[in-house]
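# Structural description and commentary
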Amino acid sequence: MHGQPEGEDAANSITMEELQLAARNHGMPLEALRYDVTPVGLHYLLIHFDIPEADERTWRLEVGGQVRAPRTLTMEELRRRPAVTVPVTMECAGNGRARLDPRPVSQPWLEEAVGTAEWTGTPLRPLLEEAGISPGAVEVLFAGADRGVQGGLEQDYERSLPLDEAMRDEVLLAWEINGRPLPPQHGYPLRLVVPGWYGMTSVKWLRGISVLGEPFTGYQQTGSYLIHVSQDDPGVPVTRMAPRSLLLPPGIPEFESRERFLAPGRHQLRGRAWSGRAPIAAVEVSTDGGGSWQPAQLGPRQSPWSWVGWSFVWEATPGSHQLCSRATDEAGNTQPLHPPWNDGGYANNAVQRVAVTVRP
Ligand SMILES: Nc1nc2c(c(=O)[nH]1)N[C@H]1C(S)=C(S)[C@@H](COP(=O)(O)O)O[C@H]1N2
Ligand SMILES: [Mo]
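Quantities reported herein were computed from a predicted structural model and do not represent experimental measurements. (Residues numbered from 1 in each chain as written. Chains lettered and ligands numbered in written order. Predicted model: local features only at pLDDT ≥ 70, side-chain atom pairs only at ≥ 80, totals over all residues. Heavy atoms only, no water.)

## Section: the packing of aromatic side chains
In the structure shown here, the tally under the stated rule is 3 aromatic pairs. Here tyrosine 44 and tryptophan 109 contribute two aromatic rings whose centre-to-centre distance is 6.0 Å and whose plane-to-plane angle is 85°, an arrangement assigned as edge-to-face. Of this pair, tyrosine 44 sits in the loop between α1 (16-24) and β1 (60-65) while tryptophan 109 sits in the loop between β3 (84-91) and β4 (114-123), placing them 65 residues apart in sequence. Just as tyrosine 44 is buried, tryptophan 109 falls in that class too. Pairing tryptophan 274 with tryptophan 307 gives two aromatic rings, centres 6.1 Å apart and planes at 55°, and the pair type is tilted. With tryptophan 274 in strand β16 (residues 265-274) and tryptophan 307 in the loop between β19 (297-298) and β20 (308-316), this residue pair connects regions lying 33 residues apart in the sequence. Exposure class is identical for tryptophan 274 and tryptophan 307. Each is buried. Over the ring of tryptophan 293 we find arginine 326, and its NZ or CZ is 4.1 Å from the ring centre. It is arginine 359 that lies over the ring of phenylalanine 261; its NZ or CZ is 4.0 Å from the centre. (Phe/Tyr/Trp six-rings, centres within 6.5 Å; stacked < 30°, edge-to-face > 60°. Helix = DSSP H or I, 4+ residues; strand = E, 2+ residues; numbered from the N terminus. Buried < 20%, exposed > 50% of the residue type's maximum accessible area, 1.4 Å probe, protein only. Lys NZ or Arg CZ within 6 Å of the ring centre and 35° of its normal.)

If you want it as structure tokens, here you go:
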């Protein structure tokens, strides 16, 4: 569970613990929304414990559990398997957490915990098929080589997927990002990539895959990543990304407030939109804080798993404006104007608000 800041300043003051997390992990600067594929150093980063020591020459991936033929693979053996490269938009489930009131204490993301990378790796499914999944298997567990204490429990970072989700064609064991070996912070030498799901599913520093006959009950599955709206709520697991759109902030920023300044006249507003639940159907833009909405133009789709670009022509008039964008996916999911609260601060896809002053 996550704590909550107490007292009058709770809504505004960041705690030292939140600052420590924010200084280790970082978001994607929103101006990087201009790139179809996020340059590696600008992709967001979330690491629960420490980056583990790893050497690809001695790295081993253990595949076992409820399978006929358990095996151990070296990186060389993995690289000899068929490889694919897929652009995937990944977002942290805690994105938007710091906008909630009261604010759950954890990594205090605003809306920048996202990035799109081209991952190269081998599909997981054939590997599981070769291992021979036993009848009665229900989940697949993925273990990282990083270890720490969270919620009072010492643990390896481990997450599971239902068997049918793990067997989807797009699930990859990846060793490259944007055409280069994974850097230490993104999971070197091997990570799982589960397109469409929030980031916690894509286990980094992957050292073990275990087929389970019972659902996994470890901390990152049952003590975390559940949407609870009250104390007695058993909670709903966090799974696929809710639709979200972001606006590339126009003009120039003020250093501290990040408020934008821009000249009057015609401006092309640009941004990105994604959903892990269904393709993006529409993006709308508001220049009055969500009072009225107009359709944006959608750009070409790069891959079913990556964001789409959008644009909108704005005739900016002098004065103060609040720019917002709102995405809707083909399943009819859309972004709320105000964030729905939950105690872990997950999946807050409320519309972004960008304050702009238009002046000559
Ligand atoms: N082993 C391990 N895998 C992990 C994590 C972690 O702390 N340890 N963090 C998860 C979370 S919460 C997110 S959002 C993504 C972030 O991936 P990135 O840092 O490559 O962007 O990795 C996931 N995989
Ligand atoms: Mo995350």
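## Here we look at the domain arrangement of the chain
Often, the extent of an interface is quoted as the loss of accessible area on bringing the components together. Partitioning the chain into structural domains gives domain 1 (16-224) and domain 2 (244-358). Each of domain 1 and domain 2 has a C-alpha centre, and the two are 28 Å apart. The partner domain 2 presents 25 residues to the 34 residues of domain 1 that form the contact. Across the interface of domain 1 and domain 2, roughly 2,500 Å² is buried in total on both sides, 59% from carbon and sulfur atoms. Taken as a group, Leu33, Thr89 and Leu100 account for 23% of the area that domain 1 buries against domain 2, more than any other trio of residues on that side. At the boundary of domain 1 with domain 2, the tally comes to 2 salt bridges. For arginine 244, the salt bridge goes to glutamate 91, with nearest N and O atoms at 2.8 Å. Where domain 1 meets domain 2, there are 17 residue pairs in polar contact (both at pLDDT 80 or more). Every element with two or more residues in the side of domain 1 that touches domain 2 is listed here: β3 and β4. Here the side of domain 1 that touches domain 2 takes 5 residues from β3, the largest share from any one element. Residue composition of the side of domain 1 that touches domain 2, by class: 15 nonpolar, 9 polar and 10 charged. (Domains from an automatic or database assignment. Contact = heavy atoms within 4.5 Å. Buried area = accessible area lost by both parts, 1.4 Å probe. Salt bridge = Lys/Arg side-chain N within 4 Å of Asp/Glu carboxyl O. Polar contact = N/O pair within 3.5 Å; in protein donor to acceptor, adjacent residues only side chain to side chain. Nonpolar A, V, L, I, M, F, W, Y, C, P; charged D, E, K, R; others polar.)

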